[in-house]
Amino acid sequence: VNIAVLDYVAENIHAGMSTEDIDRLVAEKTKELGGIAAPLNYEGFPKSVCTSINDAVCHGIPNEEEILQDGDIINVDVSTIYKGYFSDSSRMFCIGDVDDVSKKLVEDTLKAVQLGLSEVRPFNRLGNVGAVINEFAQSQGYKVVRDIGGHGVGLEFHEDPFVSYVTRRDTGMLLVPGMVFTIEPMINLGTDEIFIDSDNDWTVYTEDGAPSAQWEVTVAVTEDGYEILAY
Ligand code: MF3
Ligand code: CO
């Protein structure tokens, strides 16, 4: 359901629509497929999806006034409850003609997730996931957000472990078959300093106003590697 909802957003997202329109797409499709949008009313979050544009790092709140512009990069973060289980994934969308630097940030952030996935296997340590992501991001001149990270996911939206993307190699929890967690690094073109919007207490922005990108997958550790459950 989570994947189908994001596919539906991908088919319909365009310049000139509002982030509220994206919220409607997500609410409609989730309901049609028999799921529940997990963000709605989660700790007071008022909408069915998070939409975070340009310097918004995460947890943007869809609204009628915010219109997608040519050149924007946007993260759409979808989380679904289905038969009591949670899933969580997000994608970036480039709206119209995006500048090369932002486009590269978006592509590199996806690469970072793929590198992180390559460390997911039984009896590897969780810290290696964050280490390869941070090393790659640094090599491209980016900064990885430190204060927010991924999480276990299953019977609750956010479970243990906390999945940091600035960890050192061979540290952290042992990965074992059956564990399910997200990989969702937020990678910034400028500083890794962030702040939370004081008006809504949710939306996280980069301190310097430079763009930030994020992709998120839900991954399960299997007997011999991993399986992506949502992307
Ligand atoms: N989907 C976000 C995550 O990746 C969590 C959003 S919480 C919400 O963990 F309330 F803002 F939806
Ligand atoms: Co998540």
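Structure first, text after, so check above.
This structure is a prediction, so every number in the text was calculated from the model and none was measured. (Residues numbered from 1 in each chain as written. Chains lettered and ligands numbered in written order. Predicted model: local features only at pLDDT ≥ 70, side-chain atom pairs only at ≥ 80, totals over all residues. Heavy atoms only, no water.)

Now for the sheet that holds strand β12 (residues 204–206). Taken in spatial order, the three strands of this open sheet run β3-β12-β11, and their pairing is antiparallel. What marks the edges here is a single partner per strand, and that holds for β3 (56–58) and β11 (194–196). The mean inter-strand angle of the sheet, taken between neighbouring strand axes irrespective of direction, is 40°. Pairing between β3 and β12: two bridges, direction antiparallel. In the sheet register, Cys58 faces β12, and the bridge partner there is Val204. (Pairing = 2+ DSSP bridges. Helix = DSSP H or I, 4+ residues; strand = E, 2+ residues; numbered from the N terminus. Axes fitted to C-alpha atoms, helices over the stretch in contact; angles between N-to-C directions.)

For the peptide bond that leads from Asp160 to Pro161, omega is 0°, which places it in the cis range. Of note in this structure, Asn54 is not a glycine but carries a positive phi near 50°. Locating Asn54 in the fold gives a position in the loop between β2 (50–53) and β3. Overall, the relative accessible area of 25% leaves Asn54 in the partly exposed class. Unusually for a residue other than glycine, His59 sits at a positive phi of about 60°. Within the element layout of this structure, His59 appears in the loop between β3 and β4 (73–82). A relative accessible area of 27% places His59 in the partly exposed class. (Buried < 20%, exposed > 50% of the residue type's maximum accessible area, 1.4 Å probe, protein only.)

Around a metal, the ideal angle is 109.5 degrees if four donors adopt a tetrahedral arrangement and 90 or 180 degrees if six donors adopt an octahedral arrangement. The protein atoms donating to the cobalt ion (ligand 2) are Asp88 (OD), His151 (NE2), Glu184 (OE) and Glu216 (OE), with metal-donor distances spanning 2.1 to 2.2 Å. Classification of the site at the cobalt ion (ligand 2) rests on its six donor atoms, whose angles at the metal span 53 to 161°, yielding the label irregular. In the primary structure, the donors to the cobalt ion (ligand 2) are separated according to the pattern D-x62-H-x32-E-x31-E. One end of the pair, Asp88, is in strand β5 (residues 85–94); the other, Glu216, is in the loop between β13 (212–214) and β14 (217–221), and 128 residues separate them in sequence. Considered together, Asp88 and Glu216 belong to a single accessibility category, that of buried residues. (Donors = N, O, S within 2.8 Å, 3.2 Å for Na, K, Ca; no water. Tetrahedral: all angles 85-135°; square planar, octahedral: opposite > 155°, others 65-115°.)

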